[in-house]
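Observations on the three-dimensional arrangement
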Amino acid sequence: MNEALQELISIAGRHANGRRTKTAIPRVTIGRSEVPTPPLPELCQPTTLFVLQGTKTVLIGDRTLAYSGGSYFVYAVETPATSQLIEASVAQPYTAIAFSIDTELIADLLVDHKPAIDGDGFVTNQVDNLLLDALRRMLRLLDRPAEIPVLAPMLEREIAFRLLQGPQGEKLRQLARADGRLSQIRRATAWIRAHYNEPIDVTQLAELSHMSNAAFHRHFKAATAMSPIQYQKQLRLLEARHLLIAQPGSAAQVAFTVGYESASQFSREYARQFGLPPARDAARLLAKGEAATLEVD
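The protein chain has the name AraC family transcriptional regulator in an unreviewed UniProt entry, where Mesorhizobium vachelliae is given as its organism.

**A short note on empty space enclosed by the protein**
For the structure on display, the rule yields one cavity of 30 Å³ or more. Volume-wise, the largest cavity comes out at about 120 Å³. Every residue along the wall of the largest cavity is listed here: Thr48, Phe99, Ser100, Ile101, Asp102, Leu105, Ile106, Glu156, Ile159, Ala160, Leu163 and Leu172. Elements with a contribution of two residues or more to the lining of the largest cavity: β9 (94-100), α2 (103-109) and α4 (148-165). Examining the composition of the lining of the largest cavity, we find that four residues originate from one element, α4, more than from any other. In terms of residue class, the lining of the largest cavity is made up of eight nonpolar, two polar and two charged.

**Focus: the packing of aromatic side chains**
All chains considered together, the criterion is met by nine aromatic pairs. Looking at Arg236, its charged tip hangs above the ring of Tyr260, at a distance of 5.9 Å from the centre.

**Details of the sheet that holds strand β3 (residues 40-44)**
Strand order in the open sheet formed by four strands is β3-β8-β5-β6, with antiparallel pairing between adjacent strands. Bordering the open sheet on either side are β3 and β6 (63-67), each of which pairs with just one other strand. Mean inter-strand twist for the sheet, computed between neighbouring axes without regard to direction, equals 30 degrees. Where strand β5 (residues 55-60) lies against β6, five bridges are found, and the strand directions are antiparallel. Residue Val58 lies in a different strand from β6, and its bridge partner there is Leu65.

**A word on the sheet that holds strand β7 (residues 71-75)**
Strand order in the open sheet made by the six strands is β1-β2-β9-β4-β7-β10, with antiparallel pairing throughout. Either end of the sheet is taken by a strand with one partner, and the two such strands are β1 (20-22) and β10 (125-126). In terms of strand pairing, β7 meets β10 through two bridges, oriented antiparallel. Its bridge partner lying in β10, Ser71 is registered against Gln126.

Rules used throughout
Residues numbered from 1 in each chain as written. Predicted model: local features only at pLDDT ≥ 70, side-chain atom pairs only at ≥ 80, totals over all residues. Heavy atoms only, no water. 1 Å grid on protein atoms, 1.4 Å probe; cavity = no way out; pocket = protein on both sides within 12 Å on 5 of 7 lines; lining within 4 Å. Points joined across faces, edges and corners; volume = space filled by probe spheres on them. Helix = DSSP H or I, 4+ residues; strand = E, 2+ residues; numbered from the N terminus. Nonpolar A, V, L, I, M, F, W, Y, C, P; charged D, E, K, R; others polar. Phe/Tyr/Trp six-rings, centres within 6.5 Å; stacked < 30°, edge-to-face > 60°. Lys NZ or Arg CZ within 6 Å of the ring centre and 35° of its normal. Pairing = 2+ DSSP bridges. Axes fitted to C-alpha atoms, helices over the stretch in contact; angles between N-to-C directions.

If you want it as structure tokens, here you go:
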């Protein structure tokens, strides 16, 4: 195994506390698990996820991301997804580092940045040696916390620069530019999240994104691997699951709260998404002490 990758796994293991650990370094989170997981629904935030060890799959719309040790992916827009840890053990725990995206930093770097390599928006890529070295120097700061305020901003800038240089850099460029297509699509996803329980008007969303209907559909699908209607449905089901766990009660009432007009349709789509009808799924999660997650890990 690459020496830098092995050191990153070691540092992350020392500082991990549970499945997800927010570190003293701003915007840096460690994910770690010694056991595989069933498919877990989540809302992926704008983040770069580096998987250091173990394997993981993430289903987004009709696309599947496959992570292995030393791979990464840039989540440029908030996206409903279903993730599953495939390989994780006590001897070789699943270990990952998540960096929340600072769009202002990316925009600042674009002033003098040369064009990035464009690539498939829904594949993971291997971390190259330059990016891996920058990650290692960043995580070493966890053992020298007094240096974090001074050195972390410089290393974050270097990591962002390396990402812009790589095959997923185009997504970051589009996200940071006010007129970039991903920045425009984020306006639409933000509206849908804020009004997830209301009827959706795709023409209005296209106007909000400053696109024609056809262009909006095309770019929305490219960014999220689903249509706006499918995106809204995923958000409704995620929120319904949270409500059922937080306030166990009537599934029909939850259905109407999240925007469904038919309780039976809600039950069918919920069972299709989570494998069990609403009440049974909530009871299972509560019995196991589990909960749906809204963050990348």
